[in-house]
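Architecture and fold: a report
Below are the chains, spelled out letter by letter.
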Amino acid sequence: MKRWIAFHLQAMERAMRHLRSTPLGSALSVLVIAMAVTLPLLLFAILVSLSGTVERLGDNPHANVFFVTSASTADVQAVERMLRLRGETRELAFIDKDSALKKLKASPSYRDLLSAIEGNPLPHALSFRPMSQDPQALAALRESLLRQPAVETVVMDSEWSQRIVRLIRAGQITGVLLALVLGMAVAFVTGNTIRLQILSRREEIEVSRLIGATQGFIRRPFLYFGSLQGFTAGLLAAAFVRLTLFWLDQEINAIGGLLGNAIELSGSAGVAELVAITAVTFLGWLGAWVAVETAA
């Protein structure tokens, strides 16, 4: 057992020594692999964060009922009574159009715009949270509201969240395909590098065979070299993703408001980073193994 460990440690030391002996070539190979890993890893981290945000918002969907501008307070109260009798809503609140106009005029962003408009262009509104999250129940509730003469439109959070969920699923499929293609590229780059090393060290390998070196002894340093390349590239890719997500978080926080509070990207890549580092290390080993086997 000690002898087996010593052989592997010796092979790893030889691989690291060769990695340091060609710093420029090794750095370029590691950088190419890292860039190939960064793209799917970054995409996956963003999709995970967006999925969590949509799930949090979807757990507590919100709906707004907007009335025609000519609707009276009595029309709004009639719809409000209907919703309370159905028992399908909670946190039901009436938003008076005059109060809404005063709030908008108090905001510097809308004060100049509203000062040039005569009258009140805003409609009355009802805000509530549906009791059910079932898409069919929400659709039935919306249809019943739209049948009311005074109701102009109904906006529900679940509608846009469902669209985002579909986009996230499409992005996940794209990310998987991208990871597969770039994974093949990683194995190819590593294998090509190992193949060039084998060709440049052909005489050394032949001499080793003449003095009794086994196939495993000859092959082992190349396998460790490929694994070390993959591991280093995985660490570099994880650092790239961390920096990018940190920068995006700063930009989102600068915007403030709902997005700044709901989306946090920098903490979404932890497990994905470990998986990516492990995967690219294995791909580096696989590329080296294929190169050694085909060159033997």
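Residues numbered from 1 in each chain as written. Predicted model: local features only at pLDDT ≥ 70, side-chain atom pairs only at ≥ 80, totals over all residues. Heavy atoms only, no water.

**A short note on the overall build of the chain**
- Scanning the chain from terminus to terminus reveals eleven helices and four strands.
- In the chain, which comprises 296 residues, the share counted as buried stands at 36%.
- The long-range fraction of contacts in the chain, counting pairs at least 24 apart against all pairs at least 6 apart in sequence, stands at 81%.
- With the model as given, the accessible surface of the chain reaches about 17,500 Å², and the carbon-plus-sulfur share is 65%. (Helix = DSSP H or I, 4+ residues; strand = E, 2+ residues; numbered from the N terminus. Buried < 20%, exposed > 50% of the residue type's maximum accessible area, 1.4 Å probe, protein only. Contact = heavy atoms within 4.5 Å. Areas by Shrake-Rupley, 256 points an atom, 1.4 Å probe, with all protein chains shown as cover.)

**Thoughts on the pattern of salt bridges**
- Scanning the model with the defined rule gives one salt bridge in all.
- Between arginine 84 and glutamate 80 there is a salt bridge whose closest N-O contact spans 3.0 Å. Of this pair, arginine 84 and glutamate 80 both sit in helix α3 (residues 73–86), four residues apart, which is roughly one turn of that helix. (Salt bridge = Lys/Arg side-chain N within 4 Å of Asp/Glu carboxyl O.)

**Some remarks on the pairing of strand β1 (residues 63–67)**
- Covered by surrounding structure in β1 are Ala63, Val65 and Phe67 only, the residues Asn64 and Phe66 on the alternate face being uncovered.
- Across four bridges, the pairing between β1 and strand β3 (residues 125–130) is antiparallel. What sits directly across from asparagine 64, in β3, is serine 127.
- Here β1 pairs with strand β4 (residues 151–156) via five bridges, running antiparallel. From the neighbouring strand, alanine 63 faces β4, where its bridge partner is methionine 156. (Pairing = 2+ DSSP bridges.)

**With respect to the packing of α3 against helix α6 (residues 135–146)**
- Two elements in contact, α3 and α6, have axes separated by 11 Å at closest approach and are oriented at 150 degrees. One finds that α3 runs roughly antiparallel with respect to α6. By crossing handedness, the relation of α3 to α6 is classed as right-handed. In contact with Val79, Met82, Leu83 and Arg86 of α3, α6 contributes Leu141, Ser144 and Leu145.
- Looking at the contact of α3 with α6 residue by residue, the classes come out as five nonpolar, one polar and one charged. (Axes fitted to C-alpha atoms, helices over the stretch in contact; angles between N-to-C directions. Parallel < 35°, antiparallel > 145°, perpendicular 65-115°, else oblique. Left-handed = near helix turned anticlockwise from the far one by under 90°. Nonpolar A, V, L, I, M, F, W, Y, C, P; charged D, E, K, R; others polar.)

**Concerning α3**
- If you check α3, its first and last C-alpha atoms are 20 Å apart, about what 14 residues at 1.5 Å a residue would give, namely 20 Å.
- Among the residues making up α3, those that are buried are Val76, Val79, Glu80 and Leu83. When α3 is viewed along its axis, its buried side chains cluster within an angular range of 105 degrees and face the same direction. In α3, the exposed positions angled more than 90 degrees off the buried face are occupied by Arg81 and Leu85.
- Where the residues of α3 are buried, they touch β1, β2 (89–95), β3, α6 and β4.
- Phi turns positive one or two residues past the end of α3, at glycine 87, with a value near 70 degrees. (Expected span 1.5 Å × (residues − 1). Arc of directions from axis to C-beta.)

**Concerning the environment of glycine 226**
- Topologically, glycine 226 is positioned in helix α9 (residues 215–255).
- Glycine 226 sits 54 residues away from valine 280 along the chain, and the two C-alpha atoms are 9.8 Å apart.
- Each residue touching glycine 226, except ones within four places of it in the same chain, is listed here: Thr190, Ile194, Gly284, Trp285 and Ala288.

**Topic: a nonpolar patch on the surface**
- Taken together, the side chains of Ile173, Val176, Leu177 and Leu180 present a nonpolar region at the surface, about 400 Å² in accessible area.
- Tracing the chain through its elements places isoleucine 173 in helix α7 (residues 157–200).
- A relative accessible area of 54% places isoleucine 173 in the exposed class. (Patch = residues over 30% accessible without salt bridge, like charges linked within 9 Å, V, L, I, M, F, W, Y side chains within 5 Å.)

**Notes on the packing of aromatic side chains**
- This model, assessed by the stated rule, comprises two aromatic pairs.
- Ring plane angle 25 degrees and centroid distance 6.0 Å describe the contact between phenylalanine 282 and tryptophan 285, whose orientation is recorded as stacked. Remark: tryptophan 285 and phenylalanine 282 occur in helix α11 (residues 270–295); sequence separation between them is three residues, near one turn of the helix.
- On the basis of relative accessibility, which here comes to 33%, the residue tryptophan 285 falls in the partly exposed class.
- Between tryptophan 285 and tryptophan 289, the aromatic rings sit 6.4 Å apart at their centres with planes inclined by 15 degrees, giving stacked as the arrangement. One end of the pair is tryptophan 285 and the other is tryptophan 289, both in helix α11 and four residues apart, which spans about a single turn.
- Taking the relative accessible area as the measure of exposure, tryptophan 289 reaches 34% and is therefore partly exposed.
- Through pairs of rings, three or more aromatic residues link up here, namely Phe282, Trp285 and Trp289. (Phe/Tyr/Trp six-rings, centres within 6.5 Å; stacked < 30°, edge-to-face > 60°.)

**Overview of the sheet that holds β1**
- Pairing is antiparallel across the open sheet formed by four strands, whose spatial order is β2-β3-β1-β4. The open sheet is flanked by β2 and β4, the only strands paired with a single partner. Across the sheet, the mean angle from the axis of one strand to that of its neighbour is 15 degrees, orientation sign disregarded.
- Packed on one face of the sheet, α6 meets β1, β2, β3 and β4 and runs near 160 degrees to β4.

Function cannot be read off these values alone, since they describe shape.
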